[in-house]
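# An overview of the molecular structure
These are the residues of each chain, in order.
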Amino acid sequence: MSSDLEQLTQSARFWPTGLWLAVTTLLVGFFAWLLFGAEDKSWLLIGESSHGHYQIELSCESCHTSPFGGKEVLQKACEQCHAEALNEAHDSHPKKKFTDPRNADRLEALDARYCVACHQEHQNEYTDAMGVTLPGDFCVDCHKDIAKERPSHQGMAFDTCASAGCHNYHDNRALYEDFLVTHATETSFAGKQPRRNALERYLEKQTLHSTRTAPLGAADASAPADALQNAPTVEAWANSAHALSGINCGACHTNDSNPMAPDRADDTRHAGWQNTPDITGCRNCHENQWQGFTQGHHGMRLDARLAGNKNKPASPLQVADARLPMNPDAGHQSLTCNSCHDPHEPDLKKAATEACLGCHADKHSQNFNRSPHGQLWQQALVDTRDIESAVSCATCHMPRLLGEQGAIHVEHNQSSTLRPNEKMIRPVCMNCHSLSESIDALADPLLIERNFDRQPAGHILSIEMALKRAAPAK
Ligand code: HEC
Ligand code: HEC
Ligand code: HEC
Ligand code: HEC
Ligand code: HEC
Ligand code: HEC
Ligand code: HEC
Ligand code: HEC
Ligand code: HEC
Ligand code: HEC
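Per chain, residue numbering runs from 1 following the sequence as it is written. Each chain gets a letter, beginning with A, and each ligand a number, beginning with 1, in the order they are written. The model is predicted, so local features are restricted to residues of pLDDT at least 70 and side-chain atom pairs to those at 80 or more, both for listing and for counting; the totals for chains, interfaces and linings are taken over all residues. The basis for every side-chain value is the complete set of non-hydrogen atoms in the structure, without hydrogens or water.

### Description of the coordination of the iron atom of ligand 3
- Coordination sphere of the iron atom of ligand 3, protein contribution only: H119 (NE2) and H170 (NE2), at 2.0 to 2.1 Å.
- Its six donor atoms give the iron atom of ligand 3 angles of 87 to 178 degrees at the centre, a pattern that matches the octahedral case. Pair noted here: H119 is in the loop between α4 (95-99) and α5 (140-143) and H170 is in the loop between α6 (146-149) and α7 (177-182), with a separation of 51 residues, a long-range link.
- Taking the relative accessible area as the measure of exposure, H119 reaches 31% and is therefore partly exposed. Atoms of type N, O and S within 2.8 Å of a metal are treated as its donors, and for Na, K and Ca the window is 3.2 Å; water is not considered, so some sites may appear to be missing partners. Think of it this way: with four donors and all angles in the 85 to 135 degree range, the site is tetrahedral; with four or six donors, opposite ones beyond 155 degrees and the rest between 65 and 115, it is square planar or octahedral; otherwise it is irregular. Secondary structure elements follow DSSP: runs of H or I of four or more residues count as helices, runs of E of two or more count as strands, with numbering from the N terminus. Remark: exposure states derive from per-residue accessible area (1.4 Å probe, protein chains only) relative to the maximum for the residue type, with buried under 20%, exposed over 50%, and partly exposed in between.

Here is the structure:
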């Protein structure tokens, strides 16, 4: 603030005030027009956008919601999209920690009240993993006395605090001392039945089925005659969870305000028949999956939080626009619910691995089928193994979560367990492995690239350190 004032008075000294004001107004106006008025904004981008945001980079108003207000405006935008997830992760360094006057002195080195102190934008060449634009040893700014408080930290370099298996800045749910101590002595469950019965309960739970009583068969299909001539489609639908739950063709193919209303053979709703309906219809019945999908990398361009923007991305992500290596055959595809689910014949096993490998072609993905997890999955596909004790791509990237009131749903935001990768430990690995094994495996980047085909190369001492501190030697 004071520097703005200083600049203002300095400039005013050399410029006639009137002219200065006019020029400033023009400049601000021009900038506002650029951000909010201009049609094609690609030439305005002042630098390559980060991995997390490149898909929405041309929707400038997502972040610059107003041309005025500076930092606070950006802060609000970041919070609008990220605050909920950070809260759920019990963020170890929330803003309120730094608005607390007792910690005010810490802000001199780094104003951690603002996201942009650590996450700038439009300079991908200087941006590290997870959008971080700070040197790796920045923890020193506030924790330089840590070795005094914790002799175990003597001699540790500050660029190792946030290395895998030790600490994260925001999400430490799998790394808190209490958690490490509680799970210190657990042994591996790999090879045995998964521990948590959430998986089994998922299978029992048929929440939506119960809303419709009468399953439908091919003869019940209700659609205009030319659509019904498509025998394979009708047949596929008749065997699907949709037909079994009484969901007829019109539920997806017409703009129906009450999609669960009974569908009759003499249905007048065929009037609004659309031959290739878009996936917004899926949302009528699958809100939860829609929410997850639109908050991760796959569906973020369809996120409702962009809805107020004139320049919100109009189309789903095209595979050809990806930055990660993709299967060239998939280049023409775009990402919708149908990328993984055939709308007439949704098959959850196909969706969990085969669909993914239709697009993803990085080394990690390509190594999956050869890995022990991949082998378990092959066995499960030919029914020689219980599917719940096997591991698919979706087991790790789209885990089944226990929600409120015991309901289980599939997390459709495939970024939610991705980074930092310790996020995967609690909802995924610990169903089958010990905490210690999981930490070690996820701290080994080469092992991740190989898709977990052997023992981890090293061992992280976090658990031992936590145990020692909890029960100091006498
Ligand atoms: C994902 C959020 C996001 C999007 C989308 C975005 N920006 Fe930014 N922009 C930022 C952040 C963060 C900064 C850095 C602010 C800082 O360093 O204090 C920034 C800085 C800028 C700056 C430098 C001036 C300033 O305010 O600091 C300009 C100019 C700018 N952006 C233009 C654009 C334009 C034009 C678009 C659309 C083509 C766009 N931005 C899209 C987040 C975004
Ligand atoms: C319109 C919604 C939206 C806004 C506004 C937004 N983000 Fe994001 N951001 C996303 C999505 C979606 C992702 C990708 C999914 C994920 O990683 O959670 C993402 C990813 C990220 C990542 C992780 C990148 C990675 O590679 O793992 C960081 C860090 C981040 N955002 C910080 C910010 C900051 C700081 C701001 C404000 C300047 C901001 N975001 C504004 C939606 C948004
Ligand atoms: C003092 C630096 C700092 C500040 C301030 C900061 N972050 Fe981060 N952020 C990091 C670091 C470091 C990481 C890398 C992962 C980790 O250590 O937690 C990260 C990772 C992330 C991620 C991806 C990983 C995850 O846990 O979801 C998101 C999203 C994110 N930050 C959003 C934000 C938002 C939004 C704000 C502001 C409310 C913010 N950050 C403020 C340092 C910071
Ligand atoms: C801008 C100042 C600041 C920075 C930068 C910072 N911290 Fe902190 N950190 C704090 C404050 C304040 C607390 C709470 C008081 C305390 O424990 O000292 C805290 C607490 C912690 C705790 C205890 C968490 C808890 O919930 O009990 C850990 C662990 C931690 N920080 C690790 C880190 C790591 C790792 C980094 C770098 C990635 C980092 N901090 C960067 C200010 C900061
Ligand atoms: C769960 C939602 C859903 C149900 C139920 C459904 N469809 Fe579809 N159908 C779609 C979607 C979505 C598309 C568009 C696919 C695309 O764009 O590739 C589609 C495409 C079609 C097409 C054109 C493309 C093709 O596959 O030949 C026909 C014809 C069709 N459906 C007929 C039917 C008939 C007949 C029924 C009932 C027996 C039915 N559909 C039930 C969602 C559904
Ligand atoms: C009129 C409501 C309705 C609409 C619209 C709808 N679904 Fe469904 N869907 C259901 C019901 C009911 C089930 C059965 C749920 C269950 O098994 O508990 C279901 C099940 C599913 C399943 C799980 C299949 C299985 O084998 O268990 C998938 C995947 C699915 N739907 C995808 C879609 C997609 C993609 C669309 C949009 C093209 C869509 N649905 C549109 C109601 C709907
Ligand atoms: C139609 C193609 C397609 C299908 C099918 C598909 N993906 Fe993706 N996936 C993408 C694209 C494109 C991206 C964005 C990549 C980028 O931004 O460079 C992506 C992003 C991701 C990311 C985030 C990567 C990152 O670094 O942020 C993960 C994880 C992921 N997909 C896993 C999966 C899994 C698991 C499946 C199957 C359940 C799957 N995908 C199915 C195309 C696909
Ligand atoms: C990247 C691939 C992918 C995309 C895109 C995708 N799904 Fe799924 N979906 C899956 C996988 C994999 C499962 C099953 C996971 C399992 O069995 O554990 C699943 C399960 C489901 C289920 C049944 C389980 C549940 O959550 O209750 C429904 C319903 C569903 N998806 C609907 C949708 C809808 C609607 C969309 C679009 C908004 C969508 N899916 C987009 C991969 C995907
Ligand atoms: C045992 C758990 C596990 C399985 C199984 C798994 N992944 Fe991953 N995946 C991870 C972890 C951990 C990461 C790395 C996250 C990080 O640290 O950046 C990752 C990263 C990724 C990325 C981002 C790669 C990049 O370079 O940014 C994609 C895409 C991905 N996985 C897709 C898949 C697909 C597709 C499959 C199945 C063929 C699969 N994964 C199987 C755990 C798994
Ligand atoms: C559904 C259960 C299950 C889940 C979930 C699971 N695994 Fe596994 N994992 C196994 C089984 C079973 C094996 C094979 C064990 C064997 O051959 O001794 C295995 C093997 C491994 C191996 C190879 C060990 C070796 O000696 O070759 C690693 C590493 C591994 N898992 C890491 C992970 C990580 C990290 C996660 C979480 C991201 C995870 N797993 C999630 C069941 C699971």
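### Overview of a negative patch on the surface
- Like-charged residues within 9 Å of one another, or nonpolar side chains (Val, Leu, Ile, Met, Phe, Trp, Tyr) within 5 Å, are grouped into patches, provided each residue has over 30% relative accessible area and no salt bridge. Using the Shrake-Rupley algorithm and a 1.4 Å probe, accessible areas are obtained, with residue cover drawn only from the displayed protein chains. Salt bridge, as used here, is a side-chain nitrogen of Lys or Arg placed within 4 Å of a carboxyl oxygen of Asp or Glu. We score Asp and Glu as negative and Lys and Arg as positive, and we do not count His or the chain ends. Charged groups are reduced to one reference atom each: NZ for lysine, CZ for arginine, CG for aspartic acid, CD for glutamic acid. Where like charges cluster on the molecular surface, the negative patch consists of D342, E345, D347 and E354.
- Relative accessible area serves as the criterion here: at 44%, E345 is assigned to the partly exposed category.

### Let's talk about unusual backbone geometry
- A cis geometry characterises the amide bond from R419 onward to P420, with omega recorded as -15 degrees.
- Position of P420 relative to the elements: it lies in the loop between β2 (408-410) and α19 (435-442).
- Backbone geometry places N451, a non-glycine residue, at a positive phi of 60 degrees.
- Here N451 lies in the loop between α20 (445-449) and α21 (462-470).
- According to the relative accessible area criterion, N451 is buried, its value standing at 7%.
- In this structure, F452 takes a positive phi of about 60 degrees despite not being glycine.
- By the secondary structure assignment, F452 is in the loop between α20 and α21.
- F452 sits in the buried class, given a relative accessible area of 17%.

### Comments concerning the coordination of the iron atom of ligand 4
- Distances from the iron atom of ligand 4 to its protein donors, H93 (NE2) and H143 (NE2), fall within 2.0 Å.
- Taken together, the six donor atoms coordinating the iron atom of ligand 4 span angles of 89 to 180 degrees at the metal, a pattern that classifies the geometry as octahedral. Of this pair, H93 sits in the loop between α3 (70-88) and α4 while H143 sits in helix α5, placing them 50 residues apart in sequence.
- When its relative accessible area of 36% is taken as the criterion, H143 is described as partly exposed.

### Topic: the site of ligand 8
- Residues in close proximity to ligand 8 total 19 residues, the closest being C337, C340, H341, R400 and H412.
- Whenever a nitrogen or oxygen atom comes within 3.5 Å of another N or O atom, the pair is scored as a polar contact, on the condition that within protein one atom can donate a hydrogen and the other can accept it, and that pairs from neighbouring residues in sequence are kept only if both atoms are in side chains. In this structure, an oxygen atom belonging to ligand 8 sits 2.6 Å away from a side-chain N or O atom of R400.
- Between ligand 8 and H412, the relevant distance is 2.8 Å, taken from a nitrogen atom to a side-chain nitrogen or oxygen of the residue.
- Within the residue set of the shell around ligand 8, elements represented by two or more residues are α14 (287-295) and α15 (348-359). When at least one non-hydrogen atom of a residue lies within 4 Å of a molecule or strand, that residue is treated as near it.

### Focus: the pattern of salt bridges
- Per the counting criterion, the structure on display carries ten salt bridges.
- Among the ionic pairs, D453 bridges to R454, the shortest N-O distance being 3.1 Å.
- For R454, a relative accessible area of 48% puts it in the partly exposed group.
- Among the charged side chains, a salt-bridge network with shared partners connects R150, E177 and R469.

### A short note on the side chain of T417
- Tracing the backbone shows T417 in the loop between β2 and α19.
- A residue is classified by how much of its surface remains accessible, and T417, at 4% relative accessible area, is buried.
- Polar contacts involving the side chain of T417 include one to the main-chain carbonyl oxygen of C396, which spans 3.0 Å.
- Here, two residues are considered to be in contact whenever any of their heavy atoms come within 4.5 Å of each other. Ignoring anything within four residues of it in the chain, the contact list for T417 reads C396, H397, P399, K423, M424 and P427.

### Quick word on a positive patch on the surface
- Residues K96, K97, R106 and K144 make up a contiguous surface patch of positive charge.
- Topologically, R106 is positioned in the loop between α4 and α5.
- Under the relative-accessibility criterion, R106 is labelled partly exposed at 31%.

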